[in-house]
Amino acid sequence: MPRFAANLSMMYTEHPFLDRFAAAAADGFEGVEYLFPYDHDPAELRRLLDRHGLRQVLFNAPPGDWDAGERGLASLPGREAELRAGIDRALEYASALGCRQVHVMAGLVPRDATPEQRAAHRETYVANLTRAAAQAAAAGVDLLIEPINTRDMPGYFLNRQADAHAVVREVGAPNLKVQLDLYHCQIVEGDLTATLRRDLPTGRVAHLQIAGVPDRHEPDDANELNFRQLLAVADELGFDGWVGCEYRPRAGTSEGLGWIKDHEGAQHVNNRGAQA
């Protein structure tokens, strides 16, 4: 059975951020993820996790100036010192929150970048991830990289699964992994069942995320993907990581969670059938 984590940056936005932990726990979630923790004291966040019996399963390293449109630093030449400082800060929060995974965003490439400039971004990306993985390994933390679709985030450096896996292989650090968001992957590449069957057995995929396509709402029957089937494939392949629910509810978050009950019901029926 999948272990679902509520993404508190997108879900429960009808509540102030610090109240979302209680709301997620009340709906039965055991894990949470979100974009960034840095506006809050880590001790305060840890108290909320402990109070509500939640695990922090993922957050992002500092992305540069988010409000100004920056979306990560790892592939940006000339920003190496800022990235190193950001990784240090992320690892401090990871230690305080008991979180074993941190997503490192790649950043944006100019639309008119030449092949030579793109090559420089990739060289910077590999070098930065090599250093960052060594920083994180000393803290017992896995770093994740995530291909993101070009519709939601035009110009993002990393878009395709094969490119992410190539970077992970090149860096060669056992604690550098791939974050496979099925929403982004469907928009860019499709063929999700084949992607899961190809990539999960490699051991390089540490975290899955889901959302309905095309509108990034609940992963229910009102979208173009069959998440029951996709998550069943992940189960079949022995995936034991968390599945982050990174979607925007159509209305109230709690009111839209019927898809989880439907999924659990289908799994129960399938398990009974397998035992018959």
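Each chain carries its own residue numbering, running from 1 in the direction its sequence is written. Predicted model: local features are reported for residues with pLDDT of at least 70 only, side-chain atom pairs are reported and counted for 80 or more only, and whole-chain, interface and lining totals are derived from all residues. Hydrogens are left out, water is left out, and the side-chain values use all remaining heavy atoms of the structure.

Take the pairing of strand β5 (residues 142-145) next. As paired strands, strand β4 (residues 101-103) and β5 are joined by three bridges and run parallel to one another. Bridging from a neighbouring strand, V102 pairs with L143 of β5. Between any two strands, pairing holds if DSSP finds at least two bridges. Only runs of H or I of at least four residues qualify as helices and only runs of E of at least two qualify as strands under DSSP, and these elements are numbered from the N terminus. With three bridges joining them, β5 and strand β6 (residues 176-181) adopt parallel strand pairing. Pairing of L143 across the sheet is with L176, part of β6. Taking the sense of rotation as the criterion, the β-α-β connection linking β5, helix α5 (residues 161-171) and β6 turns out right-handed. By definition, the crossover connecting two strands over a helix is right-handed if that path, from the first strand to the second, turns clockwise as seen with the strands pointing away from the viewer.

Each axis is a line fitted through C-alpha atoms, taken for helices only over the stretch in contact, and angles between the N-to-C directions span 0 to 180 degrees. Here helix α3 (residues 80-97) crosses helix α4 (residues 115-138) at 30°, and the two axes come no closer than 10 Å. Overall, the two elements α3 and α4 adopt an arrangement that is roughly parallel. Crossing handedness for the pair α3 and α4: right-handed. The residues of α4 that touch α3, namely those facing E80, L83, R84, I87, D88 and L91, are T124, N128, R131, A132, Q135 and A136. Looking at the contact of α3 with α4, its residues break down into five nonpolar, three polar and four charged. Angle categories: roughly parallel below 35 degrees, roughly antiparallel above 145, roughly perpendicular from 65 to 115, and oblique for all the rest. Whether a crossing is left-handed or right-handed is set by the direction in which the near helix is turned from the far one by less than a right angle, anticlockwise for left-handed and clockwise for right-handed. Any two residues having at least one pair of non-hydrogen atoms within 4.5 Å are treated as being in contact. Only Asp, Glu, Lys and Arg are considered charged in this grouping, and only Ala, Val, Leu, Ile, Met, Phe, Trp, Tyr, Cys and Pro are considered nonpolar; every other residue, Gly among them, is considered polar.

Before going further, it helps to spend a moment on the packing of aromatic side chains. Here a pair means two rings of Phe, Tyr or Trp (six-membered ring of Trp) with centres within 6.5 Å. Their orientation is stacked below 30 degrees between planes, edge-to-face above 60, and tilted elsewhere. Going through the model one piece at a time under the given rule, you end up with 10 aromatic pairs. Both rings, one in F17 and one in F21, keep their centres 5.7 Å apart while their planes meet at 85°; by these two values the pair is edge-to-face. A single burial state applies to F17 and to F21, both of which are buried. On the basis of an interplanar angle of 80° and a centroid distance of 5.3 Å, the ring pair of F17 and Y34 is categorised as edge-to-face. Taken together, the residues F17 in the loop between β1 (3-7) and α1 (20-26) and Y34 in the loop between β2 (31-33) and α2 (42-51) connect sequence positions 17 residues apart. Between buried and exposed lies partly exposed: a residue is buried under 20% and exposed over 50% of the maximum accessible area for its type, with that area taken using a 1.4 Å probe on protein chains only.

Each residue after the first adds 1.5 Å to the expected span of a helix. Helix length check: α3 (18 residues) gives 26 Å between terminal C-alpha atoms against 26 Å at 1.5 Å per residue, within 8%. Along α3, the residues classified as buried are L83, G86, I87, A90, L91, Y93, A94 and L97. Taken around the axis of α3, the buried residues stretch over an arc of 165°, which confines them to a single face. Residues of α3 that are exposed and point over 90 degrees away from its buried face: A81, E92 and S95. Packing partners of the buried residues in α3 comprise α2, β3 (55-60), β4 and α4. Phi turns positive one or two residues past the end of α3, at G98, with a value near 65°. What the arc covers is the set of directions going from the helix axis to the C-beta atoms.

Take it as geometry only, folks, not as evidence of what the structure does.
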